[in-house]
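Each chain is listed here by its residues.
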Amino acid sequence: MQIPHFILKSIPYVLSIAGGVFVFDFSNKYLHDPSWIDLTNNISASLLAIPLVFLFYDYSNFLITRRMKKNLHKNVVNVIDGILFKVLDQMKHIIKIDHIRVPMQDLNLNYKKLDLDAKYIKSVKRQLIIMEDLLYKSDKIEVLDPQHTQILSFIVQELNQILNEYKYHNSPREIARYIETTLSMIDDWFYVTGYAARKR
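Asks: An account of the layout of surface pockets is needed here, citing residue identities and associated values.
Replies: Approximately 160 Å³ is the volume found for the second largest pocket. As for the second largest pocket, its lining consists of Ile121, Lys122, Lys125, Leu163, Asn164, Tyr166 and Lys167. Top element by residues in the lining of the second largest pocket is helix H4 (residues 146-168). It accounts for 4 residues. Among the residues forming the lining of the second largest pocket, the class breakdown is 3 nonpolar, 1 polar and 3 charged.

Asks: Please provide a residue-by-residue account of the packing of aromatic side chains, values included.
Replies: Any two aromatic rings considered together are summarised by their centre-to-centre distance and by the angle between their planes. One pass over the full model with this rule turns up 3 aromatic pairs. Here Phe85 and Tyr195 contribute two aromatic rings whose centre-to-centre distance is 5.5 Å and whose plane-to-plane angle is 55 degrees, an arrangement assigned as tilted. A residue pair is termed long-range when its members are at least 10 positions apart, and Phe85 in helix H2 (residues 34-94) and Tyr195 in helix H6 (residues 195-198) qualify at 110 residues.

Asks: Can you lay out a nonpolar patch on the surface for me, pointing to particular residues and giving the numbers?
Replies: A cluster of nonpolar side chains, namely Phe22, Phe26 and Tyr30, defines an oily patch on the protein surface of about 370 Å² accessible area. By the element assignment, Phe22 lies in helix H1 (residues 3-30). Take Phe22: its relative accessible area is 57%, and that puts it in the exposed class.

Asks: Can you lay out the environment of Glu165 for me, pointing to particular residues and giving the numbers?
Replies: Its location among the elements puts Glu165 in helix H4. On the basis of relative accessible area, Glu165 is assigned to the buried category, the value being 9%. Each C-alpha atom of the pair Glu165 and Ala49 lies 66 Å from the other, and the pair is 116 residues apart in sequence. Residues contacting Glu165, with those up to four places away along its chain left out, are Asn170, Ser171, Glu174, Ile175 and Tyr178.

Asks: Lay out the environment of Ser171 in plain terms, naming residues and giving numbers.
Replies: Within the fold, Ser171 resides in the loop between H4 and helix H5 (172-192). Residues Ser171 and Ile129 lie 42 residues apart in sequence; the distance between their C-alpha atoms is 23 Å.

The rules behind these values
Residues numbered from 1 in each chain as written. Predicted model: local features only at pLDDT ≥ 70, side-chain atom pairs only at ≥ 80, totals over all residues. Heavy atoms only, no water. 1 Å grid on protein atoms, 1.4 Å probe; cavity = no way out; pocket = protein on both sides within 12 Å on 5 of 7 lines; lining within 4 Å. Points joined across faces, edges and corners; volume = space filled by probe spheres on them. Helix = DSSP H or I, 4+ residues; strand = E, 2+ residues; numbered from the N terminus. Nonpolar A, V, L, I, M, F, W, Y, C, P; charged D, E, K, R; others polar. Phe/Tyr/Trp six-rings, centres within 6.5 Å; stacked < 30°, edge-to-face > 60°. Patch = residues over 30% accessible without salt bridge, like charges linked within 9 Å, V, L, I, M, F, W, Y side chains within 5 Å. Areas by Shrake-Rupley, 256 points an atom, 1.4 Å probe, with all protein chains shown as cover. Salt bridge = Lys/Arg side-chain N within 4 Å of Asp/Glu carboxyl O. Buried < 20%, exposed > 50% of the residue type's maximum accessible area, 1.4 Å probe, protein only. Contact = heavy atoms within 4.5 Å.

As structure tokens, then:
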């Protein structure tokens, strides 16, 4: 529940409370019969008490939900970090370098030197399946920020391009191009999620 939605949902409660105050003030100023005063005071008390209880409940629920989403967001981001590092670990074997550091520097990727061993491709595919499932679930409950979801979607798209190219055409030049884009998007993920600051 976002804050504007919470405020919008609170309007009927606020109007009810205002009505209770109006009825109480009206009875004290214009009514003189004790029975009518008691009746209007009871109505006023109901108009004040009931919405206050529901308003307090909704606000408490809003705070709890926001805290839970914040913790869930942190956990999901950490899980995705782990998946992406596993992808990077396979990529370093494919492109034949010792280390891929975050943030990444110019890797000088040479498509003629790619090691397209099936075991590396299968490992990338396993991580892709996990990532797709996590992206689907996190999108349904709106855990990730839109920017994070967009970047992760691009990474998933590029990994699928790599796997499809390997399966149907197996062109090292095209695979290298998709790998470069994938590595760039992974770098973007670590940047926008503040990986360096989170790991200090």
